[in-house]
Amino acid sequence: MKTEPRLEIKYLVSTTQRSKLYALWSKHLIKAEHTDSYGCYPVLSQYFDSPLLQFYKDKYDGSPKRRKVRLRAYDSTFGAGPVFIEIKHRYGEKVWKTRKALGEEKHECLISPRVAGGIFATLADRYQLRPSARVYYTRQAFNAIDTVLGNVRVTFDTSVIGLFPEDRICEDILYDCHRYLIPEHTAILEVKADACLPAWFHEGIRKVGLSAKSISKYVLAVDKLSPTLLKLGENQ
């Protein structure tokens, strides 16, 4: 499945700024589907990259057109629940995904996306893709009530941690501050929209004093897990 391109913008917000945005936006948002009573769900991603970390370097080099290949589960493991393989494409502020739900092959895909076939196999062969890093976090998600301007989704990602591909989620990892990819008491705010953003969103951003930032959880994870991963890339 390939999604339509949509606008995606990110911000780094403090706990205080997040609370103010809740107050300003609450009448415009509704808790997203498939979430708990607080609108939250866990996200686990495993990223793949070339031996020279090409996708990581594309981001650092400022390439306007880039992509990332990853496995994604809405759980703390890639075990019993649904697992998807994705290519996230970005061109400027527009993003779209190529996505496939995996069956039993999900276990083999932990080693290489090649077994997913199609474009996933093509990229796996072209870039010699291998597991490079994992990212785990809690996402709180809301959808705009008014969809006159198209669908709008607002999310806050917290407790964002980086892991090596062989790591498994446990208490020691969850509370290891050395793995945190963003400062404590902050969140990554993401807004995704089919077209333009509504006035109430712009007004909230202005009142809280936020500026858009280029934030890649994958790049943050590689930076955090370095020099191990970066040294592997340099030695290829």
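Shown above is the structure to which this text applies.
The structure reproduced in this document is the subject of the present report. Note that the structure is predicted; figures quoted are calculated from it, not measured.

**Re the overall build of the protein chain**
What the protein chain contains, in helices and strands, is eight helices and nine strands. For the protein chain, whose C-alpha radius of gyration is 18 Å, the value lies close to the compact-globule estimate of 18 Å for 236 residues. A buried classification covers 50% of the 236 residues belonging to the protein chain. Contacts spanning at least 24 positions in sequence make up 70% of the contacts within the protein chain whose residues lie at least 6 apart. Entry remark: accessible area of the protein chain is about 11,900 Å², with carbon and sulfur atoms responsible for 54%.

**Some thoughts on the pattern of salt bridges**
Across all of its chains, the model carries 18 salt bridges by this definition. With its nearest N and O atoms 3.9 Å apart, the salt bridge here joins lysine 10 to glutamate 190. Residue lysine 10 is found in strand E1 (residues 6-14), and its partner glutamate 190 is found in strand E9 (residues 186-193); the two are separated by 180 residues along the sequence. The pair formed by lysine 10 and glutamate 190 is uniform in burial state, with each residue classed as buried. Here aspartate 125 makes a salt bridge to arginine 114, at a shortest N to O gap of 2.8 Å. With a gap of 11 residues between them, aspartate 125 in helix H4 (residues 118-127) and arginine 114 in the loop between helix H3 (106-109) and H4 connect regions that are remote in the sequence. Taking the relative accessible area as the measure of exposure, aspartate 125 reaches 43% and is therefore partly exposed. Linked by salt bridges that have partners in common, Glu8, Lys10, Lys88, Arg90, Arg139, Asp157, Glu190, Lys192 and Lys217 make up one network.

**Description of the packing of helix H1 (residues 15-25) against helix H6 (residues 199-208)**
Running from N to C, H1 and H6 cross one another at 145°; their axes reach a closest spacing of 10 Å. Relative to H6, H1 is oriented so that their crossing is right-handed. Where H1 abuts H6, its residues Gln17, Lys20, Leu21, Leu24 and Trp25 lie against Trp200, Phe201, Gly204, Ile205, Lys207 and Val208. A class-by-class count of the residues in the contact of H1 with H6 yields seven nonpolar, two polar and two charged.

**What about the side chain of lysine 97?**
Following the sequence through the fold, lysine 97 ends up in strand E6 (residues 94-102). By relative accessible area, which is 18% here, lysine 97 ends up buried. Among all residues touching lysine 97, those that are not within four sequence positions of it are Met1, Lys2, Thr3, Arg70, Arg72, Glu86, Ile87, Lys88 and His89.

**Observations regarding the pairing of strand E8 (residues 152-163)**
The buried count for E8 comes to 11 of 12 residues, which makes it a mostly enclosed element. Bridge count between strand E7 (residues 130-144) and E8: nine bridges; the pairing is antiparallel. If you follow phenylalanine 142 over to E8, its bridge partner there is valine 154. The pairing of E8 with E9 spans six bridges and is antiparallel. Counted as the bridge partner of aspartate 157 is isoleucine 188 from E9.

Rules used throughout
Residues numbered from 1 in each chain as written. Predicted model: local features only at pLDDT ≥ 70, side-chain atom pairs only at ≥ 80, totals over all residues. Heavy atoms only, no water. Helix = DSSP H or I, 4+ residues; strand = E, 2+ residues; numbered from the N terminus. Rg over C-alpha atoms; globule rule 2.2 N^0.38 Å. Buried < 20%, exposed > 50% of the residue type's maximum accessible area, 1.4 Å probe, protein only. Contact = heavy atoms within 4.5 Å. Areas by Shrake-Rupley, 256 points an atom, 1.4 Å probe, with all protein chains shown as cover. Salt bridge = Lys/Arg side-chain N within 4 Å of Asp/Glu carboxyl O. Axes fitted to C-alpha atoms, helices over the stretch in contact; angles between N-to-C directions. Left-handed = near helix turned anticlockwise from the far one by under 90°. Nonpolar A, V, L, I, M, F, W, Y, C, P; charged D, E, K, R; others polar. Pairing = 2+ DSSP bridges.

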